[in-house]
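Chain by chain, the residues run as shown.
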Amino acid sequence: MRSLRFWFDTFLLASQYNPPRFVELLMLMLAIASIAVSILFPTEKPYMVLGLSLVFGSAISILVRESMIPSHQNRVTQITALLLLITSLCGFADILNNG
């Protein structure tokens, strides 16, 4: 029970300390889960679209946040967000081509 309380307190503190980063982390965790479901069940395309949409939204959010309030790892964060953006756009293109 203590470990569950520890994780709950950690999530609560993270959401209060830096809400935009917490929302981006939550979006990326949901994206990983939905893409994993779409890999386990290949006929379920909506999960892949949902996961790619969450990755796209998170990447855009990261880029906007970094442009407004730069962090100490500005360049690394921007490059990672751009790679996420490119990956999600390529995934959308693949879904559209393979229908």
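Along each chain, residue indices are assigned from 1 in the same order as the chain's sequence is written. In keeping with the model being predicted, local features are shown solely for residues with a pLDDT of at least 70 and side-chain atom pairs are shown and tallied solely at 80 or more, while totals for entire chains, interfaces and linings include all residues. In computing side-chain values, all of the structure's heavy atoms are included and hydrogens and water are not.

## Some points on the overall build of the chain
Helix and strand content of the chain: 4 helices and 0 strands. Secondary structure elements in the chain, listed N-terminal to C-terminal, are α-α-α-α. Residue contacts are counted whenever heavy atoms from the two residues lie within 4.5 Å of one another. Of the contacts made within the chain by residues no fewer than 6 positions apart, 55% connect residues no fewer than 24 positions apart. Accessible surface, the chain as shown: approximately 7,400 Å² in total, 73% of it carbon and sulfur. Across the chain, the 6 positively charged side chains and the 5 negatively charged ones have centroids separated by 9 Å. Put simply, DSSP H or I for four residues or longer makes a helix, DSSP E for two residues or longer makes a strand, and each gets a number counted from the N terminus. Computed by Shrake-Rupley with a 1.4 Å probe, the accessible areas treat only the displayed protein chains as cover when residues are assessed. Under the counting rule used here, the positive set is Lys and Arg, the negative set is Asp and Glu, and His together with the chain ends is not counted. A single reference atom marks each charge: NZ on Lys, CZ on Arg, CG on Asp, CD on Glu.

## Some points on the packing of aromatic side chains
To pair, rings of Phe, Tyr and Trp, with the six-membered ring standing in for Trp, must have centres within 6.5 Å; the planes then decide the type, stacked if under 30 degrees apart, edge-to-face if over 60, and tilted in the middle. Evaluation of the coordinates by the stated rule reveals 1 aromatic pair. A ring pair is formed by Phe6 and Trp7, whose centres lie 5.7 Å apart and whose planes are at 70°; its orientation type is edge-to-face.

## Observations concerning the environment of Val49
As for its placement among the helices and strands, Val49 is situated in helix H3 (residues 45-68). When the C-alpha positions of Val49 and Ser88 are compared, they lie 9.3 Å apart, and in sequence the two are 39 residues distant. Once you skip the residues sitting within four places of it in the chain, Val49 turns out to touch Phe92 and Ile95.

## As for helix H4 (residues 74-98)
Here H4 spans 36 Å end to end across 25 residues, near enough to the 36 Å set by a 1.5 Å rise per residue. Exposure classes here rest on a 1.4 Å probe applied to the protein chains alone. A residue is buried below 20% of its type maximum, exposed above 50%, and partly exposed in between. Thr77, Ala81, Leu85, Ser88, Gly91 and Ile95 are the residues of H4 that are buried. Close packing links the buried residues of H4 with H3. The span you would expect from a helix comes to 1.5 Å times its residue count less one.

## Focus on the environment of Ser58
In this structure, Ser58 sits in helix H3. Along the backbone, Ser58 and Ala36 are 22 residues apart, and their C-alpha atoms lie at a distance of 17 Å.

## Quick word on the pattern of salt bridges
A pairing counts as a salt bridge when a side-chain nitrogen of Lys or Arg comes within 4 Å of a carboxyl oxygen of Asp or Glu. Enumeration over the complete set of coordinates arrives at 3 salt bridges. The partner of Arg65 in a salt bridge is Glu66, with the nearest N and O atoms 3.0 Å apart. Its relative accessible area of 1% is what places Glu66 among the buried residues. Taken together, the shared-partner salt bridges connect Glu24, Arg65 and Glu66 into one network.

## A look at the confidence of the model for the chain
Mean pLDDT over the chain stands at 89; residues scoring 70 or higher make up 99%. Residue-level confidence of the predictor, termed pLDDT, takes values from 0 up to 100. For the chain, per-element mean pLDDT is lowest for helix H1 (residues 2-17), which scores 82, and highest for H3, which scores 93.

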